[in-house]
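# Observations on chain architecture
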Amino acid sequence: MSDDIHQALARTALLIELDIFGPGADHHCIVDGLRATTARIITDRANIGSPAGQTALVTLYSQLAMTGLQIDLDIPDAGLVADQPPLRSGDLPSSLLDYSGDLLPGGSARPSATPDVTFVLGDTPGPAGAVRVSGTEWTAAVSTIRPGPRWQGAMPVGAMAAGGAAAAEGLRAAVPHIAERLGRPVPGDSRWCTQPGRHVDLDLGCYQVESPVTVGDVDVISGGAITNAALYTLVRMPALTAAMRIIEPDLLDLSNLNRYALARRSMLGWPKTHALRSFETSSIRITGSGETFDDTTAAHLVPMAPRLLVGVDHVPSRWAAQRAAASSWVCVGASSHDFVLVSAHPAGSACAGCVHTRDEDLAGEIPTISFVSFWAGLVQALELVADAAGRSPAWTRSTYVWPFGLDNPRGIHQFTQDAAAGCPVGCRASTALLAA
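Since this is a predicted model, take the numbers as computed values, not measurements. (Residues numbered from 1 in each chain as written. Predicted model: local features only at pLDDT ≥ 70, side-chain atom pairs only at ≥ 80, totals over all residues. Heavy atoms only, no water.)

### A word on the overall build of the protein chain
In terms of regular secondary structure, the protein chain is built from 13 helices and 14 strands. Here the C-alpha radius of gyration of the protein chain, 21 Å, is about what a compact globule of 436 residues would show, namely 22 Å. Burial status across the protein chain gives 61% buried among its 436 residues. Contacts in the protein chain between residues far apart in sequence, at least 24 positions, make up 71% of those at least 6 positions apart. When the accessible area of the protein chain is evaluated, it comes to approximately 15,900 Å², of which 51% is carbon and sulfur surface. One finds the centroid of the 30 positive side-chain charges in the protein chain at a distance of 3 Å from the centroid of its 42 negative side-chain charges. (Helix = DSSP H or I, 4+ residues; strand = E, 2+ residues; numbered from the N terminus. Rg over C-alpha atoms; globule rule 2.2 N^0.38 Å. Buried < 20%, exposed > 50% of the residue type's maximum accessible area, 1.4 Å probe, protein only. Contact = heavy atoms within 4.5 Å. Areas by Shrake-Rupley, 256 points an atom, 1.4 Å probe, with all protein chains shown as cover. Lys, Arg positive; Asp, Glu negative; His and termini not counted. Charge placed at Lys NZ, Arg CZ, Asp CG, Glu CD.)

What follows is the structure in structure tokens.
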């Protein structure tokens, strides 16, 4: 197997080493185990006849492909009923194969007589024990025991959540292959193992809005994985308009392909802003600025837009963004290992500094996997749309997501963030707290 595939999946291998098998697990063995795992996806024509159904399929397929698995498609010919970036135009099966052939080195489309895990969309007939991926416009279900409704409708939120939630089962199916190559036992922690009867049932109705939604001007700090996932979400929302300025200095490289929801291998070497601008639509206008955002460069970038999305890993850059946008609505998406934290900050409420009170002492690369980053961007985009539609609360709403624990009732948990006396930004809410 070429070194390129190991470089492309290096961050995924790091997460699997540190979180699942422990320090010292060989990354080449981990990647080889991922690439030896096959997931089959089955759907009939009825379940991919709507934008929501096609979004469920594309999201699941792309998340599995970015994880490094091989995918065996059992789907009928069908044309695209709505744009599905990063797929190109054409019929759905060939567009998916074209995408996976242009993602990881060596491709990700390998048929198998005995797949390690089988996914079935909606109410499509399928084998016993298959993972059912179903839902409605604002709900998602992933289950081996409960049949699901047929996918239908135009709003894709439940479909994206279902695809992102189901992808964790693909990683779990790979764990025995990885353990075999490492010469280690399969971990006993249920988070990492396939469990008969596991059921995920998610309701994202707290974000529900009616179309059309006018978001207006949005600044975006970082063109990385979380921003990719947020834009992946926004371009699928019907009748949504926005003007987005993405501030990001870096070029797309091979190590990004394990988690960038809109990236393709043929884009390597492009500025990340240019890659994201290629997904501009008639209703979502995208511009780019190739600067690193910090306290120094902020002077060249102000005034900030009324709404600001922050997806950068660097904590001081989150503080700088909050300081520069003190009168804006700010939403920070963050992920670490198998955990997501998204916080939405109306002006005057507890700020990004109240949530992220100290810089993280990080050495080396950050462990990541596709669907963890995807959940951060999905929730961040939903917070943005809810605020634009007048559905956002007047206080800071923080959301924890555990993508490997979504079967738990608190797999997605929201709470009100209080101001912090030690806020490094010195926001109004923290200053008032100190004064009191």
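### A few points about the sheet that holds strand β9 (residues 284-289)
The sheet built from 8 strands is open, its strands ordered β9-β8-β7-β10-β11-β12-β13-β14 with mixed pairing. At either end of the open sheet lies a strand with only one pairing partner, and these are β9 and β14 (412-416). Neighbouring strand axes in the sheet, compared pairwise and without regard to direction, differ in orientation by 15 degrees on average. Bridge count for strand β7 (residues 213-221) against strand β10 (residues 307-310) is 4 bridges, and the pairing is parallel. Bridge assignment links I221 to a residue of β10, and that residue is V310. Most of the contacts of helix α12 (residues 370-388) go to strand β11 (residues 329-336), to which it runs at about 165 degrees, and overall it touches β7, β8 (240-247), β10, β11, β12 (339-345), β13 (397-401) and β14. (Pairing = 2+ DSSP bridges. Axes fitted to C-alpha atoms, helices over the stretch in contact; angles between N-to-C directions.)

### Quick look at the environment of G422
Relative to the helices and strands, G422 is located in the loop between β14 and α13 (428-435). Among the residues examined, G422 registers a relative accessible area of 56% and is labelled exposed. Distance from G422 to G353, taken between C-alpha atoms, is 8.5 Å for residues 69 residues apart in sequence.

### Concerning the pairing of strand β4 (residues 131-135)
The element β4 is largely enclosed, with a buried count of 5 among its 5 residues. As defined by bridge partners, strand β3 (residues 117-121) adjoins β4 across 3 bridges and the pair is classed as parallel. The residue of β4 that forms the bridge with L121 is V133. For β4 and strand β5 (residues 139-143), the ladder comprises 4 bridges, and the chain directions are antiparallel. Pairing of S134 across the sheet is with A141, part of β5. Between β4 and β5, which pair antiparallel one after the other, the connecting turn spans 3 residues.

### A closer look at the pattern of salt bridges
Scanning the entire structure with this criterion turns up 18 salt bridges. One salt bridge connects R264 with D98, and the closest N-O pair in it is separated by 2.6 Å. Here the residue R264 occupies a position in the loop between β8 and α8 (272-277), and D98 occupies one in helix α5 (residues 92-101), the gap between them amounting to 166 residues. Since its relative accessible area comes to 2%, R264 is described here as buried. The class of D98 is partly exposed, set by a relative accessible area of 31%. Put simply, R307 and D387 hold a salt bridge, and the shortest N to O gap is 2.6 Å. Taken as a pair, R307 in strand β10 and D387 in helix α12 lie far apart in primary sequence, 80 residues in all. (Salt bridge = Lys/Arg side-chain N within 4 Å of Asp/Glu carboxyl O.)

Keep in mind these values describe shape, not function.
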